[in-house]
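This is what each chain is made of:
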Amino acid sequence: MKILEDKIRAEGVVLPGDILKVDNFLNHQIDTSFVRLIASEFGRIFYGTGINKIMTVEASGIAIAYATSQYFNDAPVVYAKKGAVSTMSKDVYSADVHSYTHNNDYKLNVAKKFLSKNDRILIIDDFLATGEALNGLTQIVEESGATIVGCGVVVEKAYQNGGKLIRDKGYQVVSLARVTAMSDDGQIEFED
């Protein structure tokens with residue numbers, strides 16, 4: 001998605017440790033009109049696939065998933081919570097993941113009542129690097145018996161192994177911007 005690549009080049013910041021910061025429009029401050037463009041692209045790509053729920057991880061994926069839901073008859077958005085929450089029942093699906101960005105481990109939890117074997121799930125995430133979060137989400141959906149229709153990712157670091165990990169599990173992964181290289185001087189290269 002050329003407009004996304006241009007926005008990343010203009011507003012993204014490369015930080016030490018191979019981090020791409022896009023908090024000006026996606027992860028901290030949300031450019032709502034731009035997120036609507038991203039959502040419309042996911043709507044176009046996954047049109048006609050019978051999606052009835054959208055799943056993501058708190059917190060950065062929620063806005064994208066919410067905007068995308070309008071293209072699937074306002075399908076409910078289910079988001080995995082990070083860690084235990086006192087208000088959540090103990091009847092949950094869970095997966096252990098490691099955050100590349102924060103360099104910590106946590107557990108993703110989704111209450112079982114929100115997933116059923118009849119659900120057709122579109123997983124949405126803002127970033128795909130090592131694939132930990134996306135892999136955790138696929139594990140949760142697999143455990144529930146629901147069907148994963150596909151995975152929509154805004155930015156994939158294509159030079160890391162996350163995309164391969166999820167694709168090798170047999171899932172369709174659509175990334176709107178595929179970063180092939182980043183340098184400490186702020187240069188960002190995208191797949192042609």
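The text that follows walks through the structure, step by step, so that each part is easy to find. Bear in mind that the values here come from a model prediction, so they are computed numbers and not experimental data.

Helix and strand counts for the protein come out as six helices and 10 strands. Relative to the compact-globule value of 16 Å for 192 residues, the protein shows a C-alpha radius of gyration of 16 Å, a close match. Taken over the C-alpha atoms alone, the protein extends approximately 45 × 35 × 30 Å along its principal axes. Of all 192 residues assigned to the protein, the portion counted as buried reaches 48%. Counting only carbon and sulfur atoms, one obtains 47% of the accessible surface of the protein, whose full area is about 9500 Å².

Among the 11 residues in strand 8 (residues 147-157), 10 count as buried, and that is most of the element. Where strand 7 (residues 120-128) and strand 8 come together, eight bridges link them in parallel fashion. Opposite L128, over in strand 8, you have E156 as the bridge partner. For the crossover from strand 7 across helix 5 (residues 132-144) to strand 8, the handedness is right-handed.

As for its placement among the helices and strands, S144 is situated in helix 5. A relative accessible area of 9% means that S144 is categorised as buried. Side-chain polar atoms of S144 contact the backbone nitrogen of A146, separated by 3.2 Å. With residues up to four places along the chain from it excluded, the contact list for S144 reads Y93, L115, S116 and K117.

A general tendency of soluble globular proteins is for nonpolar side chains to be buried together. Counting 33 residues, the largest nonpolar core has L4, I8, L20 and I38 as its most contacted members. Sorting the residues of this core by element identifies helix 1 (2-11), helix 2 (23-27), helix 3 (32-45), helix 4 (60-69), strand 7, strand 8, strand 9 (173-182) and strand 10 (188-190) as the ones contributing at least two each. Aside from chain neighbours lying at most four places away, what touches L4 is F25, F34, I38, V154, L176 and A177. Ranked by size, the runner-up nonpolar core spans 26 residues in total, among them Y106, L137, I140 and I166.

Conventions adopted
- Residues numbered from 1 in each chain as written.
- Predicted model: local features only at pLDDT ≥ 70, side-chain atom pairs only at ≥ 80, totals over all residues.
- Heavy atoms only, no water.
- Helix = DSSP H or I, 4+ residues; strand = E, 2+ residues; numbered from the N terminus.
- Rg over C-alpha atoms; globule rule 2.2 N^0.38 Å.
- Buried < 20%, exposed > 50% of the residue type's maximum accessible area, 1.4 Å probe, protein only.
- Areas by Shrake-Rupley, 256 points an atom, 1.4 Å probe, with all protein chains shown as cover.
- Pairing = 2+ DSSP bridges.
- Right-handed = clockwise from strand over helix to strand, strands pointing away.
- Polar contact = N/O pair within 3.5 Å; in protein donor to acceptor, adjacent residues only side chain to side chain.
- Contact = heavy atoms within 4.5 Å.
- Core = buried A, V, L, I, M, F, W, Y, C linked by side-chain atoms within 4.5 Å.

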